[in-house]
Structures are given as C-alpha cells and as structure tokens.
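# Fold and contact review
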Amino acid sequence: PPICYTTRFSSPWVSSFGNWGKHNRTTLVRVKGDHFELRLPSSLANPYLVTAAVICAGMHGIEQKIAPPKEVAADMVSEDQRMQKERYTFALPSTLREAVQALQEDQVL
C-alpha cells in the first residue's frame, strides 16, 4: 500500500472517520479558535489538488446548506473501532482501491 495509507492506519492520532472537534487531536478536522486544521492529507499529496478539493467540497456544502455532523468531544483513541463506527458519520476509504472508487462515484469532485 502507499506509504500515506500505512502511516494513517498505524497511528491512533489520525481519524479514520469523517468527523470534527474543537481542539481535538483525534478528529479528522480540528477547529482551533478562528481557524481549522484538516488532518487527513498526506504530505505526499499534491497541495494544489488538496486545496482545490477542500474548497470545492466546502462550496458545495455551503450552496446545498449541508449541516456538519455532530461535534466529537471525546478522545477517539480511547474508543474501540465498533464504538467509533456507531457514533460517527462515515468511515474513510481504507485502501487505495476504495479511495479511487469513492472518487469515481463522487458527484461533486
């Protein structure tokens, strides 16, 4: 598998679910005061494509008035995978094949 997948799934500090939290280092998006940190993109990713995808998805959410999922206040490291799947919106692709399939099926990107 690509090194970015190996790193992402070997660390408990990187979320495998689409979620967010305030000052929460275990969520996909961490909101800190007046800015946010998107913790998913690998440093190996093309920063221009990542930025374009984030802006496109954000604009789609604003235009369609899509409400964000419920905030995650708990430390996800202390929860098991089953509990995480029950509490959080969706699991992110865990393989490159799943990621490519999700991108092909996506209507926005």
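For the structure given in this document, a descriptive report is provided here. Small disclaimer: the values here were computed from a predicted structure and weren't measured.

Another point: the overall build of the protein. On a plain count of helices and strands, the protein comes out with 4 helices and 3 strands. Along the protein, helices (α) and strands (β) appear in the sequence α-β-β-β-α-α-α when read from the amino end. In the protein, which comprises 109 residues, the proportion classed as buried is 19%. Long-range pairs, those at least 24 residues apart, make up 55% of the contacts in the protein with a sequence separation of at least 6. If you sum the accessible surface of the protein, you get close to 8000 Å²; carbon and sulfur atoms cover 60% of it.

A rise of 1.5 Å per residue sets the reference length of helix α2 (residues 47–63), with its 17 residues, at 24 Å; its end C-alpha atoms lie 24 Å apart and thus fit the reference within 8%. For α2, the N-terminal cap is Asn46; the gap from its side-chain oxygen to the backbone nitrogen of Tyr48 is 2.8 Å. With its phi angle positive at about 55°, Lys65 sits one or two positions after the end of α2.

Turning our attention to the pattern of salt bridges. Enumeration over the complete set of coordinates arrives at 2 salt bridges. For the salt bridge of Arg39 with Glu37, the shortest nitrogen-to-oxygen distance reads 3.8 Å. One network of salt bridges, with partners in common, ties together Arg30, Glu37 and Arg39.

The next thing to look at is a nonpolar patch on the surface. Taken together, Phe36, Leu38, Leu40 and Val54 make up a surface patch of nonpolar side chains, about 320 Å² in accessible area. Along the chain, Val54 turns up in helix α2.

Read across the open sheet, the 3 strands follow the order β1-β2-β3; overall the sheet is mixed. Where the open sheet ends on each side, the last strands, each with one partner, are β1 (20–22) and β3 (35–38). Sheet twist, expressed as the average angle between the axes of neighbouring strands with direction ignored, equals 25°. For β1 and strand β2 (residues 29–32), the ladder comprises 3 bridges, and the chain directions are parallel. Across the sheet, the residue bridging to Lys22 is Val31, located in β2.

Conventions used here
Residues numbered from 1 in each chain as written. Predicted model: local features only at pLDDT ≥ 70, side-chain atom pairs only at ≥ 80, totals over all residues. Heavy atoms only, no water. Helix = DSSP H or I, 4+ residues; strand = E, 2+ residues; numbered from the N terminus. Buried < 20%, exposed > 50% of the residue type's maximum accessible area, 1.4 Å probe, protein only. Contact = heavy atoms within 4.5 Å. Areas by Shrake-Rupley, 256 points an atom, 1.4 Å probe, with all protein chains shown as cover. Expected span 1.5 Å × (residues − 1). Polar contact = N/O pair within 3.5 Å; in protein donor to acceptor, adjacent residues only side chain to side chain. Salt bridge = Lys/Arg side-chain N within 4 Å of Asp/Glu carboxyl O. Patch = residues over 30% accessible without salt bridge, like charges linked within 9 Å, V, L, I, M, F, W, Y side chains within 5 Å. Pairing = 2+ DSSP bridges. Axes fitted to C-alpha atoms, helices over the stretch in contact; angles between N-to-C directions.

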